[in-house]
Amino acid sequence: MGVKVEKLKVNFKTLEEFKKFKEYGIQELSMLDDLGAKMVEDDSDSPFYGIYFGDKLVARMSLYQIDAKFDRYFYPPQDYLELWKLEVLPDYQDKGYGKQLVEFAKTFGLPIKTNPRVKSSGFWEKMEFANVDYDMERDRGENPLVWYPEGVEAQQH
């Protein structure tokens, strides 16, 4: 396919691209404010990853590494990734870009937690994500899905 996942730089060009996505929100606006306040241009320590088609950002996600001391999902407790804002622009959907982003996240070898959008459960099932046993205190109304790498299982509460 010749298309690869890349870490997105935090700069004005990337933020302009983000405006094309539905889930453009507070996080991006605060990044824009930081840039306006003379934040270092092209900061490479960004949680965002994306796929470009030509010079257009067509798919993106954010990955945050969560420290093991906050792990309430996986056994044994360990660092894990939280995957947010997985989104592919409408004209580029059903071409494997979302799958490519998730497969890339799996290459870190850490368990992954995500809060899927409505009507996306079929996609996450294909990507081998599973429902967790709902825990009201832990999940607080979210309906997280998780992916377990080999040797990792659900925490028992």
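Owing to the predicted nature of the structure, the values given are computational and were not obtained by experimental measurement.

What counts, and at which threshold
Residues numbered from 1 in each chain as written. Predicted model: local features only at pLDDT ≥ 70, side-chain atom pairs only at ≥ 80, totals over all residues. Heavy atoms only, no water. Phe/Tyr/Trp six-rings, centres within 6.5 Å; stacked < 30°, edge-to-face > 60°. Buried < 20%, exposed > 50% of the residue type's maximum accessible area, 1.4 Å probe, protein only. Helix = DSSP H or I, 4+ residues; strand = E, 2+ residues; numbered from the N terminus. Pairing = 2+ DSSP bridges. Polar contact = N/O pair within 3.5 Å; in protein donor to acceptor, adjacent residues only side chain to side chain. Contact = heavy atoms within 4.5 Å.

## Some remarks on the packing of aromatic side chains
One pair of aromatic rings is described through two measures. These are the centre distance and the angle between the planes.
Here's step 1: A complete count under the given rule lists 11 aromatic pairs for this structure.
Here's step 2: Taking the centre distance of 6.2 Å and the plane angle of 50 degrees together, the rings of Tyr 73 and Phe 74 count as tilted.
Here's step 3: Residue class for Tyr 73 comes out buried when judged on its relative accessible area of 6%.
Here's step 4: You can call Phe 74 buried: its relative accessible area is 0%.
Here's step 5: Every member of this aromatic cluster is reached through a ring pair, and the members are Tyr 73, Phe 74, Tyr 80 and Tyr 148.

## Here's the deal with the pairing of strand β2 (residues 48-53)
Here's step 1: Of all 6 residues in β2, 5 are buried, a share of seventy percent or more.
Here's step 2: Of the strand pairs in this sheet, strand β1 (residues 5-7) and β2 are connected by 3 bridges, and their pairing is antiparallel. By the bridge assignment, Glu 6 is partnered in β2 with Gly 50.
Here's step 3: Note: β2 against strand β3 (residues 56-66), 6 bridges, orientation antiparallel. Note that in β3 the partner of Ile 51 across the bridge is Ala 59.
Here's step 4: Here β2 folds back onto β3, and the loop between the two strands holds 2 residues, one of which, Gly 54, carries a positive phi near 65 degrees.

## Regarding the side chain of Lys 106
Here's step 1: Mapped onto the fold, Lys 106 is located in helix α3 (residues 97-106).
Here's step 2: In terms of polar contacts, Lys 106 uses its side chain to reach the backbone carbonyl oxygen of Met 127, at 2.7 Å.
Here's step 3: Apart from the residues within four sequence positions on either side, Lys 106 is in contact with Ile 112, Met 127, Glu 128, Phe 129 and Trp 147.

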